[in-house]
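The chain contents come next:
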Amino acid sequence: MPPNFYIKNIYIRMIKEIIEAIQDKKGFAITILDLAKVDGAPTGKFVICTGKSTTQVSSIADSVREEVQKKTGEKPINYDGYRNSQWIVIDYGDTMVHIFLPETREFYRLEELWSDAETTLIPDLD
């Protein structure tokens, strides 16, 4: 089995676990930006979602970190934003997870900033 196959499967599994962890805490408006073919992109993928309160944003971030580590063994390289929990970012190297309050997401508009990226919208569960 070629090494790239193994890496790709881990990567796909991590995205799946991230999405499930977000949905488990009722995160919504989940968007995946594939930045692999975008010049100057800081990473391969962004997973972006929204929480309704700072408490929910923190809870979603905790869920992502815990579930990804439990189910894939991967720990984030870094994470930031817990101080005010308006925007928490979790860095997994090739994937970065962005968890926003609605008004903060609207202000930064990552989807527009990286509009060259292939975009996948994940339907809300509720």
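Right above here is the structure, for reference.
None of the values given here were measured: they were computed from a predicted structure. (Residues numbered from 1 in each chain as written. Predicted model: local features only at pLDDT ≥ 70, side-chain atom pairs only at ≥ 80, totals over all residues. Heavy atoms only, no water.)

Colleague: I keep staring at the side chain of Ser58 and nothing clicks. Help me out?
Modeller: Tracing the backbone through its elements, the reader meets Ser58 in helix H2 (residues 54–72). For Ser58, a relative accessible area of 16% gives the class buried. Only 2.6 Å separates the side chain of Ser58 from the side chain of Ser85, close enough to count as a polar contact. Here Ser58 is in contact with Tyr82, Ser85 and Ile88, once residues within four sequence places are set aside. (Helix = DSSP H or I, 4+ residues; strand = E, 2+ residues; numbered from the N terminus. Buried < 20%, exposed > 50% of the residue type's maximum accessible area, 1.4 Å probe, protein only. Polar contact = N/O pair within 3.5 Å; in protein donor to acceptor, adjacent residues only side chain to side chain. Contact = heavy atoms within 4.5 Å.)

Colleague: Is there a simple way to think about the side chain of Gln56 in this case?
Modeller: Tracing the chain through its elements places Gln56 in helix H2. The exposure class of Gln56 is buried, given its relative accessible area of 15%. At a separation of 2.5 Å, a polar atom in the side chain of Gln56 contacts the main-chain amide nitrogen of Lys52. Once you skip the residues sitting within four places of it in the chain, Gln56 turns out to touch Lys25, Lys26, Gly27 and Gly51.

Colleague: When you look at the packing of aromatic side chains in this model, what are you seeing that I'm missing?
Modeller: The geometry of an aromatic ring pair is captured by two quantities: the separation of the ring centres and the angle between the planes. Counted according to the given criterion, the structure contains five aromatic pairs. When the ring of Phe46 is compared with that of Trp114, the centres are 6.2 Å apart and the planes differ by 90°; the resulting orientation is edge-to-face. One end of the pair, Phe46, is in strand S2 (residues 45–50); the other, Trp114, is in the loop between helix H4 (110–113) and strand S6 (118–122), and 68 residues separate them in sequence. Each member of the pair, Phe46 as well as Trp114, is classed as buried. Look at Phe107 and Tyr108: their rings are 4.9 Å apart centre to centre, the planes differ by 85°, and that puts the pair in the edge-to-face class. Among the residues examined, Phe107 registers a relative accessible area of 63% and is labelled exposed. Three or more aromatic residues link up through ring pairs in this structure, and these residues are Trp87, Phe100, Phe107 and Tyr108. Between Lys52 and the ring centre of Phe28, over which it is positioned, the NZ or CZ distance is 5.9 Å. A cation sits over an aromatic face here: Arg65 above Tyr79, 3.8 Å from the ring centre. (Phe/Tyr/Trp six-rings, centres within 6.5 Å; stacked < 30°, edge-to-face > 60°. Lys NZ or Arg CZ within 6 Å of the ring centre and 35° of its normal.)

Colleague: What exactly am I supposed to notice about H2 here?
Modeller: At 3.6 residues per turn, the α-helix brings residues three or four places apart onto the same side. The terminal C-alpha atoms of H2 lie 27 Å apart, and with 19 residues this matches the ideal 27 Å at 1.5 Å per residue to within 8%. Those residues of H2 lying buried are Gln56, Val57, Ser58, Ile60, Ala61, Ser63, Val64, Glu67, Val68 and Thr72. (Expected span 1.5 Å × (residues − 1).)

Colleague: Explain the environment of Trp87 to me, please; I cannot follow it from the model alone.
Modeller: Structurally, the position occupied by Trp87 is in strand S4 (residues 87–91). For Trp87, a relative accessible area of 25% puts it in the partly exposed group. Separated by 13 residues in sequence, Trp87 and Phe100 have C-alpha atoms that sit 4.5 Å apart. If we skip the residues at most four places from it in the chain, Trp87 touches Asp80, Gly81, His98, Ile99, Phe100, Thr104, Tyr108 and Leu110. Only 3.0 Å separates the side chain of Trp87 from the side chain of His98, close enough to count as a polar contact.

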